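For reference, the chains in residue letters:
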Amino acid sequence: MRHYSTMTPTLALAVLLAVSSCATTTAPVPHTKTVPTQTMARATPVAVVVAKPKPVITAIGFASVSGQMAKTLNERRILAVKAARLEAMRILTEQVFGLRINGDTLLSDAIVKNDNLRAVVTGKIRGARTVRITPKGDDTYEVALEVDIALVKKMMRSTWEES
């Protein structure tokens, strides 16, 4: 009885590629055009223009579906996307205009009795684009927004002119 060895698929593919690369053909490739060397020497160079991406400011907001006050699951999802978008807008506004922090501390007999901090963001954001809306797990949505820096500069000028 003869014993035949089996070839692994990887080895078979390697042998096939090695054998096929050794074959040469002299038949012309269809749909190709041969260009004389004199024509190639006289060709003028072509400039390739690559567009640079515009600089942007990006913000990402998150919101929970279960925390939304709505009757149906689909309504809660829609509200979660809206809340995540609003949080991303707040983060964009904070990046552009900054954050004002007010704080007070109550001391009695050199012991802190009460410590309060309040952060306030104020400003206008126009032209923010939604980059993506992504569900994260079963209960959270992520919304990514971006705004062009050139548009931010224009908004800043208009804000200073209004005040």
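All values reported here derive from a predicted model rather than from experimental measurement.

## Describing the overall build of the protein
Link 1 in the chain: Along the protein, the regular secondary structure elements total four helices and five strands.
Link 2 in the chain: Listed by position from the N terminus, the elements making up the protein come as α-α-β-α-β-β-β-β-α.
Link 3 in the chain: Counting the 163 residues in the protein, one finds 16% classified as buried.
Link 4 in the chain: With the model as given, the accessible surface of the protein reaches about 13600 Å², and the carbon-plus-sulfur share is 60%.

## Focus: the pairing of strand S5 (residues 140–148)
Link 1 in the chain: Burial of S5 is extensive: seven of the nine residues sit out of reach of the surface.
Link 2 in the chain: Pairing geometry for strand S1 (residues 56–64) and S5, over nine bridges, is antiparallel. Across the sheet, residue Ser64 finds its bridge partner in S5, namely Thr140.
Link 3 in the chain: Of the pairings in the sheet, the one linking strand S4 (residues 129–136) to S5 comprises seven bridges and is antiparallel in character. Among the inter-strand pairings, Lys136 is bridged to a residue of S5, identified as Thr140.
Link 4 in the chain: Where S4 folds back on S5, the antiparallel hairpin that results is connected by three residues, among which Gly137 adopts a positive phi of roughly 75°.

Cut-off values and rules
Residues numbered from 1 in each chain as written. Predicted model: local features only at pLDDT ≥ 70, side-chain atom pairs only at ≥ 80, totals over all residues. Heavy atoms only, no water. Helix = DSSP H or I, 4+ residues; strand = E, 2+ residues; numbered from the N terminus. Buried < 20%, exposed > 50% of the residue type's maximum accessible area, 1.4 Å probe, protein only. Areas by Shrake-Rupley, 256 points an atom, 1.4 Å probe, with all protein chains shown as cover. Pairing = 2+ DSSP bridges.

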